[in-house]
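One letter stands for each residue in the lines below.
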Amino acid sequence: MSTAVTVFDVGGTHIRQAWWLREGELRARTSRPSPSFKRFPDASTAELRAMMVKDLCDAVPETPDAVAGISFGAALDHRSGIVYASAPLWGAHSEPYDLRAALTARRSDVSWHVVNDVTAALLHAAAHPGRSAHRKVLLATISSGIACRVIDQRQGLIPVDSSGLQGEIGHLPAHAELAGRPLELTCDCGRTGHLAAYSSGPGIARAADILREREPGRWPASRLGALTSDGVGFDAALRRALDERDDLAGELLDAVTAPVADVLRTTLCLDPEIDEAVLTGGVVHGLGEHYRRSLLGHLTRQGLYLTSEHTPGWWERRITVSAPGEADGLVGAGIAACAAEAKAQAAATGASGAAA
């Protein structure tokens, strides 16, 4: 293979692209909008997929032995690359789709490698020298969607189930309360009561709309209400209101981090070999330390039975936020593509040796 790989990080909002050098360097980064159902509401899922394939194929230069690695924001079979569903991209549609076959049919000159975006981010984060001694590392992304992955560092493996899946926590049933009453919101996948319905970026914005309805007196008097009324975008308004210690903004954040804390608490209780849970994604980075503080507040108030009592600071040491560029899907896509190419080359060499 060539020294450079064309890498993509495909999300519900943007497609990021770069050249990934095998030494780990990224060059020529670009970003453009994704062909999602929110951007093209009148397009069918088949049309959206065709747009995606054309976009990716047109973006790979025609060079000898071209290789492309894709970090794709969807639930997919880790073994085959078959895409099952992507609520941020295609909404409530879950017919399996062989993305790699569609890409190869259009550009057979390219060696395509597709991995889940959270898998890609985890591969990069787990490669950090500071995590080399960890038994297991969990990475959770909180963005337009929610998911996590766990890698066993001792074997370099990401275990999967019989469908090739792991860590699709965004679609687990969850419970949330806001202004003293249960909160019921619909996920982008079409079902009600999923974790992503409350705690994803779009879910938080929807929860804010409910809060405005439930607190008609407090909302306009809050900094969050005043900022949004002045035309400040919701994401920026929430961060500014939290910076200014607005009580209503804090209540909203606590409400939407509580379901995430429930999942992490259960996960770390059942698998004590997870030495670090790394948080990443647009929501986490956008809200900064506010997000981690809110999450740790839940875990400190209701922690692990006996462990939290006997080991003070247990959560503080295990719940971290990725530094900028530390869990980059573009790098992970390059790592995955390079590993797959090396594996294929080793298999071909072994087969030719056996034939000889």
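Residues numbered from 1 in each chain as written. Predicted model: local features only at pLDDT ≥ 70, side-chain atom pairs only at ≥ 80, totals over all residues. Heavy atoms only, no water.

### Overview of the sheet that holds strand β9 (residues 146-152)
- If you walk across this open sheet you meet the four strands as β9-β8-β12-β13, and the pairing is mixed. Each edge of the open sheet is held by one strand with a lone partner, namely β9 and β13 (319-321). When strand polarity is set aside, the average angle formed by the axes of neighbouring strands in this sheet is 25 degrees.
- The pairing of strand β12 (residues 274-280) with β13 spans three bridges and is classified as parallel. What sits directly across from Val278, in β13, is Thr320.
- Along the sheet face, helix α4 (residues 117-126) touches β8 (136-142) and β9 and points at about 45 degrees away from the line of β9. (Pairing = 2+ DSSP bridges. Helix = DSSP H or I, 4+ residues; strand = E, 2+ residues; numbered from the N terminus. Axes fitted to C-alpha atoms, helices over the stretch in contact; angles between N-to-C directions. Contact = heavy atoms within 4.5 Å.)

### Notes on the sheet that holds strand β3 (residues 26-33)
- Spatial ordering of the open sheet is given by β3-β2-β1-β4-β7, a layout of five strands whose pairing is mixed. This sheet does not close on itself; its edge strands, each paired only once, are β3 and β7 (110-116). Along the sheet, successive strands turn relative to each other by an average axial angle of 20 degrees, direction set aside.
- As defined by bridge partners, strand β1 (residues 4-10) adjoins strand β2 (residues 14-21) across seven bridges and the pair is classed as antiparallel. Bridge pairing links Thr6 to Trp19 in β2.
- Against the sheet, helix α1 (residues 45-59) engages β1, β2, β3, β4 (66-72) and β7, with an angle of about 155 degrees to β1.

### Quick word on the pattern of salt bridges
- Tallying each qualifying case throughout the model produces 26 salt bridges.
- Residue Glu276 is joined to Arg131 by a salt bridge in which the shortest nitrogen-to-oxygen separation is 2.9 Å. Separated by 145 residues along the polypeptide, Glu276 in strand β12 and Arg131 in the loop between α4 and β8 bring together distant segments of the chain.
- The buried category is assigned to Glu276, whose relative accessible area is 9%.
- Under the relative-accessibility criterion, Arg131 is labelled buried at 5%.
- Ionic contacts of the salt-bridge type, sharing partners, join the residues Lys136, Asp152, Arg154, Asp271 and Glu273 into one network. (Salt bridge = Lys/Arg side-chain N within 4 Å of Asp/Glu carboxyl O. Buried < 20%, exposed > 50% of the residue type's maximum accessible area, 1.4 Å probe, protein only.)

### Side note on the environment of Thr186
- Locating Thr186 in the fold gives a position in the loop between β11 (181-183) and α5 (195-199).
- For Thr186, a relative accessible area of 40% corresponds to the partly exposed category.
- Once residues lying within four places of it in the same chain are set aside, the contact partners of Thr186 are Arg191, Thr192, Ala197 and Arg206.
- Polar side-chain contacts of Thr186 include one of 3.4 Å to the side chain of Thr192. (Polar contact = N/O pair within 3.5 Å; in protein donor to acceptor, adjacent residues only side chain to side chain.)

### Details of helix α6 (residues 201-214)
- Its 14 residues give α6 an end-to-end C-alpha distance of 20 Å, which sits within 8% of 20 Å, the value for a rise of 1.5 Å per residue.
- Buried residues of α6: Gly203, Ile204, Ala207, Ala208, Ile210 and Leu211, and no others. Axial view of α6: buried residues confined to an arc of 165 degrees, hence all on one face.
- One side-chain oxygen of the residue at the start of α6 lies 3.1 Å from the amide nitrogen of Gly203, identifying that residue as Ser200. (Expected span 1.5 Å × (residues − 1). Arc of directions from axis to C-beta.)

### Describing the packing of helix α9 (residues 234-243) against helix α10 (residues 247-270)
- Close contact between α9 and α10 brings their axes to 8 Å; oriented N to C, the two are set at 110 degrees. Classified by the angle their axes make, α9 and α10 are roughly perpendicular. Viewed along their axes, α9 and α10 form a crossing whose handedness is left-handed. Side by side, α9 and α10 meet where Phe234, Leu238, Ala241 and Leu242 of the first sit next to Ala249, Gly250, Leu252 and Leu253 of the second.
- Looking at the contact of α9 with α10, its residues break down into seven nonpolar, one polar and no charged. (Parallel < 35°, antiparallel > 145°, perpendicular 65-115°, else oblique. Left-handed = near helix turned anticlockwise from the far one by under 90°. Nonpolar A, V, L, I, M, F, W, Y, C, P; charged D, E, K, R; others polar.)

### Description of the packing of aromatic side chains
- For the coordinates displayed, the defined rule picks out three aromatic pairs.
- The interplanar angle of 90 degrees and the centroid separation of 6.1 Å between the aromatic rings of Trp90 and Tyr97 together place this pair among those described as edge-to-face.
- Residue Trp90 is classed as buried on the basis of its relative accessible area of 5%.
- With a relative accessible area of 17%, Tyr97 lands in the buried category. (Phe/Tyr/Trp six-rings, centres within 6.5 Å; stacked < 30°, edge-to-face > 60°.)

### Looking at the packing of α10 against helix α12 (residues 289-301)
- At a minimum axis separation of 8 Å, α10 and α12 run at an interaxial angle of 60 degrees. The orientation of α10 relative to α12 falls into the category oblique. Pair α10 / α12 crosses with right-handed handedness. Residue-level inspection shows Leu253, Asp254, Thr257, Ala258, Val260, Ala261, Leu264 and Arg265 of α10 in contact with α12, the latter providing His290, Tyr291, Ser294, Leu295, His298 and Leu299.
- A per-class count over the contact of α10 with α12 returns eight nonpolar, four polar and two charged.

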